Amino acid sequence: LLLVALAAMWPVAAFQHPLKYDMIDQAYPWRYFIGECLQEGVLPLWNPYQLLGSPIHADPQSSAWYPITWFFGYVSGYNIYTISFDFLLHIFLAGIGMFYLARQLKFRDETAFLMGMSYMLSGFFIGNAQHFMWIISGTWIPFIIGAFIALKEKPSLAGAIQLGLAFFMIMTGGYPAFIIILL
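What about the overall build of the chain?
When its secondary structure is counted, the chain shows 10 helices and zero strands. Helices (α) and strands (β) of the chain occur, in sequence order from the N terminus, as α-α-α-α-α-α-α-α-α-α. Taking 183 residues into account, the globule formula puts the C-alpha radius of gyration at 16 Å, and the chain, at 17 Å, falls close to it. Taking the principal axes of its C-alpha atoms as reference, the chain extends roughly 50 × 40 × 30 Å. When the 183 residues of the chain are sorted by exposure, 44% land in the buried category. Across the chain, every contact between residues at least 6 apart in sequence was considered, and the portion connecting residues at least 24 apart equals 65%.

This is the structure in structure tokens:
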């Protein structure tokens, strides 16, 4: 799935073409600011650069509490290349999530692979490449549904933790409408 994602997104993966529109106008500046805060040892609570100051931690679209944003922000900070890599990571994770969901639904490995590949390269992900919060939501939805099915079939603490972690990821990084629909 990783090779398929890299091949399909080669212009972005090879840094030949940057992502456009909202990805650069909205997601990138917020992630850049969050990364600067984390590297300076400050919690990203207040954004003084927008709207005469705004609580960035309270905006569900900012991903201010999203662990992947924190990882990239703290380790390397965000730049045009990092946000492209972050996008590619989510495309790949979406394929893994659909593969996992397909396996929970008892599909064969070959069919699950095709489902994962089809999902991560679907019109939703390609057509909404500018809406990073939508991409994040689409990434975690199959993990949540798969974990829910697994927990329903065989209740366990590990299954509950897996479902909770997947739901935490969509809650901290995803778009609120997808969370409401998912519920």
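Notes on helix H4 (residues 67–75)
All of the buried residues in H4 are Ile68, Thr69, Phe72 and Gly73. Considered in projection along H4, the buried side chains sweep an arc of 125° and stay on one side of the axis. Turned more than 90 degrees away from the buried face of H4, the exposed residues are Phe71, Tyr74 and Val75. Each element contacted by the buried residues of H4 is listed here: helix H3 (22–39), helix H5 (80–104), helix H8 (132–153) and helix H9 (157–173). Backbone geometry just after H4 places Gly77 at a positive phi near 75°.

Let's talk about the confidence of the model for the chain
Averaged over every residue, the pLDDT of the chain is 94; residues scoring 70 or more account for 100%. When mean pLDDT is compared element by element in the chain, helix H6 (residues 109–120) scores highest at 97, while helix H2 (residues 10–13) scores lowest at 90.

Structural notes on the packing of H8 against H9
Running from amino to carboxyl end, H8 crosses H9 at an angle of 165°, the nearest separation of the two axes being 9 Å. In terms of orientation, H8 and H9 fall into the roughly antiparallel class. As H8 runs across H9, the sense of the crossing is left-handed. Here Met133, Ile136, Ser137, Trp140, Ile141, Phe143, Ile144, Ala147, Phe148 and Leu151 of H8 lie close against H9, whose contacting residues are Gly159, Ala160, Gln162, Leu163, Ala166, Phe167, Met169, Ile170 and Gly173.

Digging into the nonpolar core
One recurring pattern in soluble globular proteins is that nonpolar side chains are buried together. Grouped together as the largest cluster of nonpolar side chains are 49 residues, with contacts concentrated most on Met23, Ile68, Phe87, Ile91, Phe132 and Trp140. At the level of secondary structure, the elements contributing two or more residues to this core comprise H2, H3, H4, H5, H6, H8, H9 and helix H10 (176–182). Among all residues touching Phe132, those that are not within four sequence positions of it are Met23, Ala27, Arg31, Ile83, Asp86, Phe87 and His90.

About the criteria used
- Residues numbered from 1 in each chain as written.
- Predicted model: local features only at pLDDT ≥ 70, side-chain atom pairs only at ≥ 80, totals over all residues.
- Heavy atoms only, no water.
- Helix = DSSP H or I, 4+ residues; strand = E, 2+ residues; numbered from the N terminus.
- Rg over C-alpha atoms; globule rule 2.2 N^0.38 Å.
- Buried < 20%, exposed > 50% of the residue type's maximum accessible area, 1.4 Å probe, protein only.
- Contact = heavy atoms within 4.5 Å.
- Arc of directions from axis to C-beta.
- pLDDT = per-residue confidence, 0-100.
- Axes fitted to C-alpha atoms, helices over the stretch in contact; angles between N-to-C directions.
- Parallel < 35°, antiparallel > 145°, perpendicular 65-115°, else oblique.
- Left-handed = near helix turned anticlockwise from the far one by under 90°.
- Core = buried A, V, L, I, M, F, W, Y, C linked by side-chain atoms within 4.5 Å.

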